[in-house]
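Single-letter residue listing:
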Amino acid sequence: MTDIAMDGTASAKAPWHLWVVGILSLLWNVGGAWTFIQAQSGAPMDMDATEIAYFAAQEPWFVAVTDVAVVAPLLGALVLLLRSRWAVHLYGLSVAAIVLTTAYDVAAGTALLLNDQGWLILDCITFGLAILQWLYAWAMRRRGVLR
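Because the structure is predicted, anything quoted here is derived from the model rather than measured. (Residues numbered from 1 in each chain as written. Predicted model: local features only at pLDDT ≥ 70, side-chain atom pairs only at ≥ 80, totals over all residues. Heavy atoms only, no water.)

Student: I'd like a rundown of the overall build of the chain, residues and numbers included.
Tutor: Helix and strand counts for the chain come out as five helices and two strands. Order of helices (α) and strands (β) in the chain, N terminus to C terminus: β-β-α-α-α-α-α. Counting only C-alpha atoms and orienting by the principal axes, one finds that the chain spans roughly 55 × 30 × 25 Å. For the chain, the proportion of its 147 residues judged to be buried stands at 37%. Long-range pairs, those at least 24 residues apart, make up 68% of the contacts in the chain between residues at least 6 apart in sequence. One finds the centroid of the 7 positive side-chain charges in the chain at a distance of 29 Å from the centroid of its 10 negative side-chain charges. (Helix = DSSP H or I, 4+ residues; strand = E, 2+ residues; numbered from the N terminus. Buried < 20%, exposed > 50% of the residue type's maximum accessible area, 1.4 Å probe, protein only. Contact = heavy atoms within 4.5 Å. Lys, Arg positive; Asp, Glu negative; His and termini not counted. Charge placed at Lys NZ, Arg CZ, Asp CG, Glu CD.)

In structure tokens:
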């Protein structure tokens with residue numbers, strides 16, 4: 001079945017799971033954005049001294065790339081729900097930013113995941129979900145659901 005887009009082109013009908021994935025992606029990424037905003041602004045959170053020092057010592061370029069890693073999938077979720085092909089690019093940008101910041105952080109020896117199993121698990125889950133979101137958007141684009 002197809003829908004007619006506003007520009008007159010035909011596109012595949014949005015499957016029910018697009019709405020489920022889009023809403024769950026939006027909720028997950030809003031939570032991540034809120035956490036990073038709080039951590040980077042120095043707001044009181046449930047962090048130990050090591051975590052507070054870690055966020056306080058981040059270089060401006062690192063904070064900016066981390067912000068891209070957090071904001072891009074939030075926008076990706078919104079445009080996925082709007083059935084825009086830009087979801088693929090935004091989720092892909094997030095994956096690239098995560099890879100860049102994690103690789104730098106590990107190479108510099110400052111990554112929290114190097115010394116804390118909880119951070120390692122959280123980082124693995126975050127990266128895994130970022131990849132899955134990107135792959136889902138890519139698959140929906142290939143099927144003609146995103147325009």
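Structure's up, so let's keep going.
Student: Break down a nonpolar patch on the surface for me, citing the residues and quoting the values.
Tutor: A cluster of nonpolar side chains, contributed by Trp16, Trp19, Val20, Ile23, Leu24 and Leu27, occupies part of the molecular surface with about 670 Å² of accessible area. Positionally, Leu27 belongs in helix α1 (residues 16–41). (Patch = residues over 30% accessible without salt bridge, like charges linked within 9 Å, V, L, I, M, F, W, Y side chains within 5 Å. Areas by Shrake-Rupley, 256 points an atom, 1.4 Å probe, with all protein chains shown as cover. Salt bridge = Lys/Arg side-chain N within 4 Å of Asp/Glu carboxyl O.)

Student: Would you mind going over the packing of α1 against helix α5 (residues 117–142) in detail, with residue names and values included?
Tutor: Helix-helix packing is described using two parameters, namely the angle between the two axes and the distance between the axes. Two numbers describe how α1 lies on α5: the axes approach to 12 Å, and their chain directions differ by 145°. Considering how the two elements wind past one another, α1 and α5 form a crossing that is left-handed. Across from His17, Leu18, Val21, Ser25, Trp28 and Asn29 in α1, the residues of α5 making contact are Ile125, Thr126, Leu129, Gln133, Tyr136 and Met140. Per-class residue counts for the contact of α1 with α5 are seven nonpolar, five polar and no charged. (Axes fitted to C-alpha atoms, helices over the stretch in contact; angles between N-to-C directions. Left-handed = near helix turned anticlockwise from the far one by under 90°. Nonpolar A, V, L, I, M, F, W, Y, C, P; charged D, E, K, R; others polar.)

Student: Describe helix α2 (residues 49–56), listing the residues and the values that go with them.
Tutor: Those residues of α2 that sit buried are Glu51, Tyr54 and Phe55. On an axial view of α2, the arc spanned by its buried residues comes to 90°, and they lie on one face. More than 90 degrees from the buried face of α2, the exposed residues found are Ala49 and Ala56. Check the buried side of α2 and you find it contacts α1, α3 (60–81), α4 (86–108) and α5. Put simply, Asp48 is the residue that caps the front of α2, since its side-chain oxygen is 3.0 Å from the backbone nitrogen of Thr50. (Arc of directions from axis to C-beta. Polar contact = N/O pair within 3.5 Å; in protein donor to acceptor, adjacent residues only side chain to side chain.)

Student: Account for the environment of Trp138, naming residues and giving values.
Tutor: Within the secondary structure layout, Trp138 lies in helix α5. Here Trp138 falls in the partly exposed class, since its relative accessible area comes to 42%. In this structure the C-alpha to C-alpha distance between Trp138 and Tyr91, which are 47 residues apart in sequence, comes to 9.2 Å.

Student: Account for the side chain of Gln58, naming residues and giving values.
Tutor: Following the sequence through the fold, Gln58 ends up in the loop between α2 and α3. Taking the relative accessible area as the measure of exposure, Gln58 reaches 14% and is therefore buried. A polar contact of 3.5 Å, which involves the side chain of Gln58, links it to the side chain of Tyr54. Excluding its chain neighbours within four sequence positions, the residues that come into contact with Gln58 are Gln40 and Val63.

Note that all results are geometric; they support no functional claim without further evidence.
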